[in-house]
Amino acid sequence: MPFGSLGLCNELLKSVAEQGYTSPSPIQIEAIPVVLSQRDVMAVANTGTGKTASFTLPMVQLLSGGVSPQPQSVRALVITPTRELAAQVAASIENYSRYMNIRSGAVFGGVRIEPQISQLQGGLDVLVATPGRLIDLYNQQAINFDRLEILVLDEADRMLDLGFIDDIRHIQMLLPSKRQTLMFSATFSKEIKSLAKGMLNNPLLIEVDTATSAVDKIKQQLHPVDKERKSEVLIHLIKRNKWHQVLVFTRTKLGADSLVVQLEKARISAASIHSNRTQHARTLALDGFRNGNVKVLVATDIASRGIDVNQLPCVVNFELPYVPEDYVHRIG
Ligand code: AMP
């Protein structure tokens, strides 16, 4: 099926073609026409399925038809659980809407709030935000939601895992009840169903690429080893297989940092990414990993969710995750 049959405007088709996408992914085929019809959507889809474009493309199109944003107001709000995901979604929106008159931005914690307050002064068509910083900005009267048309909750399951449920409910109370709401989640647990029930109005349920299907496409290897010798074996594998880009998962921040020290001792360039590191340090680490200056990125689950590195050849589960779903997120 071509992108052209989904009801997207020429400006978006042009930028999609420039991304090199030749045909829409299953979630895009299902979600784009429904979002364009302004119906609420509950989509169960993982990172890597093309879910971001499945809501950003139709959302931008809907917004392009309306009135310009008022000062300090936003017309569409995308809430994400992590700063990295917020930055990534905002970059996609900017990319896709390059031939349209859409003002978008992102706000998240860990960086100064003042530039974000200024950014909001003129109003935005789309704001991508993490929950805590969004509430801070609202409390400082830097933003209002009176004219909000669309709300997107991205990676809602992660939002719950990270304890953002109260923030989400708080934000919901600040929003107009007449709006279009889209919710994306990798799982469809009891908690997600209950959250969806409270936030969505007669949603269409879209389910693609279940948690296990990602795993089917990936070759997995197990290396039995004593705990004390894990880093030694990892260093050996990296050197022997000449791995040039490896994402390694540890359970703890301390574990991540100590592994980085050991890798560097073995002359393997490495960086860690976890919630104790500043936003600047995380961005540097991720940029270095993407451009090849950092061979090994060591991450905890919280920091890693939604990180999108094109054609990542190798993921190592140095320690198993706390919950089984995270294993699927890690390798997917
Ligand atoms: P996501 O699931 O939104 O995290 O997207 C995963 C990756 O797929 C991103 O690198 C997108 O740029 C890419 N992508 C999204 N839609 C398509 C498509 N229709 N064809 C090829 N790649 C795509």
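Refer to the structure above for everything that follows.
As the structure is a prediction and not an experimental result, all values here were calculated from the model. (Residues numbered from 1 in each chain as written. Predicted model: local features only at pLDDT ≥ 70, side-chain atom pairs only at ≥ 80, totals over all residues. Heavy atoms only, no water.)

S.K.: Looking at this structure, I do not really get the overall build of the protein chain. What am I missing?
M.R.: Secondary structure assignment for the protein chain yields 15 helices and eleven strands. Relative to the compact-globule value of 20 Å for 332 residues, the protein chain shows a C-alpha radius of gyration of 20 Å, a close match. When its C-alpha atoms are laid out on the principal axes, the protein chain stretches across 60 × 45 × 40 Å. In the protein chain, buried positions account for 52% of the 332 residues. (Helix = DSSP H or I, 4+ residues; strand = E, 2+ residues; numbered from the N terminus. Rg over C-alpha atoms; globule rule 2.2 N^0.38 Å. Buried < 20%, exposed > 50% of the residue type's maximum accessible area, 1.4 Å probe, protein only.)

S.K.: Please explain the packing of helix α4 (residues 83-96) against helix α13 (residues 279-291) as it appears in this structure.
M.R.: Working note: a packed helix pair is described by the angle between its axes plus the distance between those axes. Across the interface, α4 lies against α13 with an axial gap of 11 Å and an inter-helix angle of 60°. When the interaxial angle is binned, α4 and α13 end up oblique. α4 and α13 meet at a crossing whose hand is right-handed. Contact residues: R83, E84 and Q88 in α4; Q279, R282, L286 and R290 in α13. (Axes fitted to C-alpha atoms, helices over the stretch in contact; angles between N-to-C directions. Parallel < 35°, antiparallel > 145°, perpendicular 65-115°, else oblique. Left-handed = near helix turned anticlockwise from the far one by under 90°. Contact = heavy atoms within 4.5 Å.)

S.K.: Explain the pairing of strand β10 (residues 296-299) to me, please; I cannot follow it from the model alone.
M.R.: Side-chain direction in a regular strand flips from residue to residue, so the side chains alternate between the two faces of the sheet. Of the two faces of β10, the one holding V296 and V298 and the one holding L297 and A299 are both buried throughout. Two elements, strand β8 (residues 246-249) and β10, share four bridges in a ladder whose sense is parallel. Residue F249 lies in a different strand from β10, and its bridge partner there is A299. Sheet analysis places strand β9 (residues 270-273) next to β10, joined by four bridges and oriented parallel. When the sheet's bridge partners are listed, S272 is paired in β10 with V298. In the classification by handedness, the crossover that spans β9, the intervening α13 and the parallel β10 is right-handed. (Pairing = 2+ DSSP bridges. Right-handed = clockwise from strand over helix to strand, strands pointing away.)

S.K.: Help me understand the sheet that holds β8 in this model?
M.R.: Sheets are built from strands that pair by backbone hydrogen bonding, the pairs being arranged parallel or antiparallel. Read across the open sheet, the four strands follow the order β9-β10-β8-β11; overall the sheet is parallel. Among the strands making up the open sheet, the edge pair consists of β9 and β11 (314-317). Pairwise comparison of adjacent strand axes, ignoring direction, gives a mean angle of 20° for this sheet. Bridge analysis of β8 against β11 gives four bridges, and the strand direction is parallel. Following the sheet pairing, V248 is matched in β11 by V316.

S.K.: So what exactly am I meant to see when it comes to the site of the ligand here?
M.R.: Around the ligand lies a shell of 14 residues, among which Y21, Q28, G48, G50 and T52 are the nearest. At 2.8 Å, a side-chain N or O of Q28 approaches a nitrogen atom of the ligand. At a separation of 2.7 Å, an oxygen atom of the ligand approaches a polar backbone atom of G50. Protein coverage of the free-state accessible area of the ligand, which is 500 Å², stands at 75%. (Near = heavy atom within 4 Å. Polar contact = N/O pair within 3.5 Å; in protein donor to acceptor, adjacent residues only side chain to side chain. Areas by Shrake-Rupley, 256 points an atom, 1.4 Å probe, with all protein chains shown as cover.)

S.K.: It is not clear to me how the sheet that holds strand β3 (residues 104-107) should be interpreted in this structure. Could you clarify?
M.R.: Pairing is parallel across the open sheet formed by seven strands, whose spatial order is β3-β4-β2-β5-β6-β1-β7. The sheet is open, and its two borders are formed by β3 and β7 (204-207), each paired with just one other strand. The mean angle between the axes of side-by-side strands here comes to 15°, regardless of whether they run parallel or antiparallel. Contacting β1 (41-44), β5 (150-153) and β6 (180-185), helix α9 (residues 190-199) runs over the sheet at an angle of about 170° to β6.

S.K.: Help me out: how do you make sense of unusual backbone geometry in this one?
M.R.: Most peptide bonds are trans, and most residues other than glycine sit at a negative phi. Even without being a glycine, K242 presents a positive backbone phi close to 50°. Tracing the backbone shows K242 in the loop between α11 (230-240) and β8. With phi around 60°, R267 is a residue other than glycine that occupies positive phi space. As for its placement among the helices and strands, R267 is situated in the loop between α12 (253-265) and β9.

S.K.: Would you mind showing me how to read the pattern of salt bridges here?
M.R.: Opposite charge on two side chains allows them to pair when their charged atoms are near. Considering all chains together, one arrives at ten salt bridges under this definition. Between E149 and R75 there is a salt bridge, with its nearest N and O atoms 2.8 Å apart. On the criterion of sequence distance, the pair formed by E149 in the loop between α6 (131-139) and β5 and R75 in strand β2 (residues 74-79) is long-range, its members being 74 residues apart. Judged by its relative accessible area of 31%, E149 falls in the partly exposed class. Residues R229 and E232 are paired through a salt bridge, measuring 2.6 Å at the closest nitrogen-oxygen approach. The exposure class of R229 is partly exposed, given its relative accessible area of 45%. Note on E232: relative accessible area 44%, which makes it partly exposed. (Salt bridge = Lys/Arg side-chain N within 4 Å of Asp/Glu carboxyl O.)

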